[in-house]
Amino acid sequence: MTHIDAGAGLDPVHPVAPPGTPSTGLTRAQVAERVARGQVNDVPVRSSRSLSEIVRANVFTRFNAIIGVLWIVTLFVAPIQDSLFGFVILANTGIGIVQEWRAKKTLDSLAVIGEARPTVRRDGSSVEVPTSAIVLDDLVEIGPGDKVVVDGVCAEADGLEIDESLLTGEADPVLKHTGDRLLSGSFVVAGGGAFTATRVGREAYAAQLAEEASRFTLVHSELRTGISTILKYVTWMMIPAALGLIVTQLVVKSNDFKGSVARTIGGIIPMVPEGLVLLTSVAFAIGVIRLGRKQCLVQELPAIEGLARVDTVCLDKTGTLTEGGMDVSALRMLDGADEEHARKVLGALGESDPHPNASLQAIIDAYPDSEEWRCVESLPFSSARKYSGAAFSEGDGQVSTWLLGAPDVLLGADDPALAETSRLNEQGLRVLLLARAARGLDAPEPAEGARPVALVVLEQRLRPDAADTLRYFADQHVHAKIISGDNAVSVGAVARKLGLKGAAVDARRLPDELPEMARAMDRATVFGRVTPRQKREMVGALQSEGHTVAMTGDGVNDVLALKDADIGVSMGSGSEATRAVAQIVLLNNSFSTLPSVVAEGRRVIGNITRVATLFLVKTVYSVLLALLVVCWQVEYPFLPRHLTLLSTLTIGIPAFFLALAPNTERARPHFVRRVMRYSIPGGLVAGLATFATYLLARHHYTGAGALSAETSAATLTLFLISMWVLAIIARPYTWWRIALVATMGVAFLFVLVVPWLQDFFALRLVGNTMPWAAVGIAAVAAAALELMWRGVDRRFPA
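Definitions and cut-offs
- Residues numbered from 1 in each chain as written.
- Predicted model: local features only at pLDDT ≥ 70, side-chain atom pairs only at ≥ 80, totals over all residues.
- Heavy atoms only, no water.
- Helix = DSSP H or I, 4+ residues; strand = E, 2+ residues; numbered from the N terminus.
- Buried < 20%, exposed > 50% of the residue type's maximum accessible area, 1.4 Å probe, protein only.
- Contact = heavy atoms within 4.5 Å.
- Areas by Shrake-Rupley, 256 points an atom, 1.4 Å probe, with all protein chains shown as cover.
- Patch = residues over 30% accessible without salt bridge, like charges linked within 9 Å, V, L, I, M, F, W, Y side chains within 5 Å.
- Salt bridge = Lys/Arg side-chain N within 4 Å of Asp/Glu carboxyl O.
- Pairing = 2+ DSSP bridges.
- Axes fitted to C-alpha atoms, helices over the stretch in contact; angles between N-to-C directions.

*Asks:* I keep staring at the overall build of the protein chain and nothing clicks. Help me out?
*Replies:* When you go through the protein chain residue by residue, the secondary structure sums to 27 helices and 22 strands. A burial count over the protein chain gives 57% of its 798 residues as buried. Considering only residue pairs separated by 6 or more positions, the protein chain has 72% of its internal contacts joining residues 24 or more positions apart. Only carbon and sulfur atoms are counted for the fraction: they give 58% of the accessible area of the protein chain, which is about 33,000 Å².

*Asks:* I keep staring at a nonpolar patch on the surface and nothing clicks. Help me out?
*Replies:* A contiguous nonpolar patch, built from Trp236, Ile239, Leu243, Ile246, Val247, Leu250, Val251 and Phe257 and spanning about 810 Å² of accessible area, is present on the exposed surface. Here the element with the most residues in the nonpolar patch is helix α7 (residues 222-252); it accounts for seven residues. On the accessibility criterion, valine 247 (43% relative accessible area) is partly exposed.

*Asks:* When you look at the sheet that holds strand β20 (residues 549-553) in this model, what are you seeing that I'm missing?
*Replies:* Two modes of strand pairing occur in sheets, parallel and antiparallel, and in both the strands are linked by backbone hydrogen bonds. Taking strand neighbours across the sheet as the criterion, the eight strands line up as β9-β22-β21-β20-β10-β17-β19-β18 in an open arrangement whose pairing is mixed. In the strand order of this sheet, the two ends are held by β9 (296-298) and β18 (504-506), each with one partner. Sheet twist, expressed as the average angle between the axes of neighbouring strands with direction ignored, equals 20°.

*Asks:* Would you mind showing me how to read the pairing of strand β3 (residues 125-128) here?
*Replies:* Along a regular strand, successive side chains alternate from one face of the sheet to the other. Alignment of strand β2 (residues 119-122) against β3, held across four bridges, turns out to be antiparallel. Each bridged residue has a counterpart across the sheet, and for threonine 119 the counterpart in β3 is glutamate 128. Hairpin connection from β2 to β3: two residues lie between these consecutive antiparallel strands, with aspartate 123 at a positive phi of about 55°.

*Asks:* What's the story with the pattern of salt bridges in this structure? I'm lost.
*Replies:* Any two side chains of opposite charge can pair, on the condition that their charged atoms come close. Enumeration according to the criterion identifies 24 salt bridges in this entry. Across the pair aspartate 151 and arginine 199 runs a salt bridge, and its minimum N-O distance is 3.0 Å. Within this pair, whereas aspartate 151 is found in strand β5 (residues 151-163), its partner arginine 199 is found in strand β8 (residues 187-199), the two being separated by 48 residues in sequence. Aspartate 151 gets classed as buried once you look at its relative accessible area, which sits at 2%. Close ionic contact of aspartate 408 with arginine 508 constitutes a salt bridge, the shortest N to O distance being 2.8 Å.

Read these as spatial facts, not as claims about activity.
In C-alpha cells:
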C-alpha cells in the first residue's frame, strides 16, 4: 500500500492497496520452532499475589514477631491457659491466608475470562490466540481499541493512528507508516493494520517498564494508610509502657519470677491490635469473592473502597447507558437528492472501513455494498475528527468523494439541515450527515464546501438497567455526569428518558481554564461533542474541586480519562486498552453491577471503622493500665488468659461478624480521626474504671488468695465496660446484632458459674461486696461513655 502524505499536522489519508496476496504470516512449523527456542511472549500476567507472597504478608508482620516471641516465653513460664493468645494468632493468620488465597483464585479465574486475545495471521489465516502464545516474528493484526501487546514493526497500515500517551505522556495520536516501530502498551485510536513482532516476553518495552509491577497494586486506600498510621503510633506508645511494666513487675515487685513474667506479658499482649490488619485483609478479600460471583473483576483491591468514596461518576453514553448496537430508523434526503444513489454510497462507505464502529455497523446492516463501486482512497473515523470519508470509482468510471459524520461538524452554523438535525436529536435519536465533498481527502480541510445529501437517523438501544442504576446513584447523593462525543441535545434526550435531570451543554463551548470548566460542570449534567482530550480535562477539573471521580467507558476514546480518574470502570466488551487501564472491569457488561461494587466498598469502610474502634479501645486502656501500674508500683492485674478471654468475647468474635455484615452507610473521609475520637475516650474510661476497681479490691481483700480475687473483680469491670463499648459499636440494632452481644455476655457468665472454667481461667468472684462494687463502677463508666461519645459527636463531627 502506498501512502499519500497529508502534510504536517493534517489528517492521514491512505489510498486503498491494490488487490494482491496478503502476507500469510508464520507457518505452524515456524511457530513450533520459535516456541522450542523460547521466543514466546511468556510474561506472566499476575492478577494477584502468589501463594508464597500471601503467606509471607500474613505471617511475617511486625506484631506477629512481637507476639510470637512473647508466646514462646509464655509457653515456658506459665500454664497453657496463659498461652491461648498464641493459638488465637495462629488461627487468625490461617484465616487471613485462606481468605486471600480464595480471593486470588477468584481474581485469576476472572482475569482469564477478561483476557484479551490478539489476532495473528498464521498459514494465511487470521486466528485469535492468548497474549502469551504470540511468538517472535508473528504477524499481529490490530484495529481501533486494540492494544499493542508486544513490540514490533508496522507491516501494513491503513490510516493507522497509535496513541502512545500511556508510555510517553504525549497526548496526540501518532500516524504510523509501514516500517515504523510500534511499542507495547500503546493502542490504536483509528485505522488498522498489522505489525511483525520483534521483541516478545520480558524484552518488550512495556514488560521492562512493569517488570516489578503486577495487577495486585494498591491504589490510594485511606483505610490501609490510616491503619498503618495508627499502628505506627501504637508501636511508639507500646515501647515505654512495656519497658516500664517489665521493670515494675520484675525488679520493683519481688514476686515469683514466673508469675511476674506472665503478668508482664499479660500487660503487653493487649496493646497489640493484631486482628485489625487481618480483618481489613479479610474484608477486602471477601469483597473480591462476592463481586467475582457477579462477574466483576477488581484489578486493584482497594478500588472497592475507592468507588464507595466516589461523589461524582462520569458516564460515557455509548456502551454504558446505551447498548453497543444501533439500528437505522430513517434516511432523510436533503435538497432533492437521489435516495437510491445515497443508499449505494452508504453501502460503499460501510465496505470501505475494515474496522467499523457501532454507527457504521448499523449502516452496513441496512445498506448492502454495490460491487461496481471501488474505493480508491479512505479517511478513517476518529473521535477527535468526528467524521470519516472515502473516494470511490463508481460503476460508470466517475470518481466521487464522500464524508459521513456529525452534522454540526460538517455543516456551517446557518445551514437549514441543522434545524432538522436538532429536532431529531431532541427525540433522543442519533443523526449522521452524508455529504459530497468538494475537495479531496488530502486537502487541509476536507469538509470545507461539502454539500449535504442525506441525514442518516440512528436509534440507540437503551440498557434496561441504566435507569435503576442512575436512580441508585441519585439516592446515594452521587452526582452523575454524562460525557459523550455525540450531539449534546441527543444525549440530553437519552438522559431524560432515563430520568436524569439537568442542563445539556455542547463541550466545544466549555472554557479551557480548569477552574471555569469545573464551575461549568457543576451547573450541567450532560455534555456532548466531547473530545478524548476534553474527557481527560473534565475529570481533572472535577478533581481540582475536591471531587472523587469515577469514570466509566468502553471505547478507546475513554482510555485517558479512565486512567486519570480516581476509579476507572470498563465494560468487559470494551476495547482492550480500556480494560487494561481500568481498576474495575464489568465482565458481564452490566451497568447495574456498579451499585454492588459501591455497596461492597461501603460495607468494607463502615465495618472496618466499627471494628477498628473496638481494637483501639483495647489498645488505649492496655497502655493506660500499664502506665498506672508503673506509677502505683503494683502487680499487673491480669494474666494473659484473662485478656485472651476478654478480647475473644468483646472484640475477636464480634469483630469478625461485624466486619462482614451488610452496611449501606455512606463512606466518609478522615478514617483515623473518626476512629480515634471514639477510641481514646472509650479506652480512657475503661482503663480508669478498671484500675479503680483493682485498687478498691486491693484494699478489700487480704490473705493468700487476695491477688486472684482482685484480678477477678477487675476482670468483671473491664468485661462489662467492654461489652458496653461493643453494644454502642453494634448500633443500629438488628436481631442478629442483639443476639451477638447477648451471646457474648452469656458466654462470660458461663465462665463465671462453671467450676472447671473458673479454674481454667483463674476467675472466681469472692464475696458479694466487691463483685457488686465492680458492677456499680462499670455502670457509672458505661453512663460516662454514653455522655462522652455523644459529646464527641457534637463537638468533633466526622
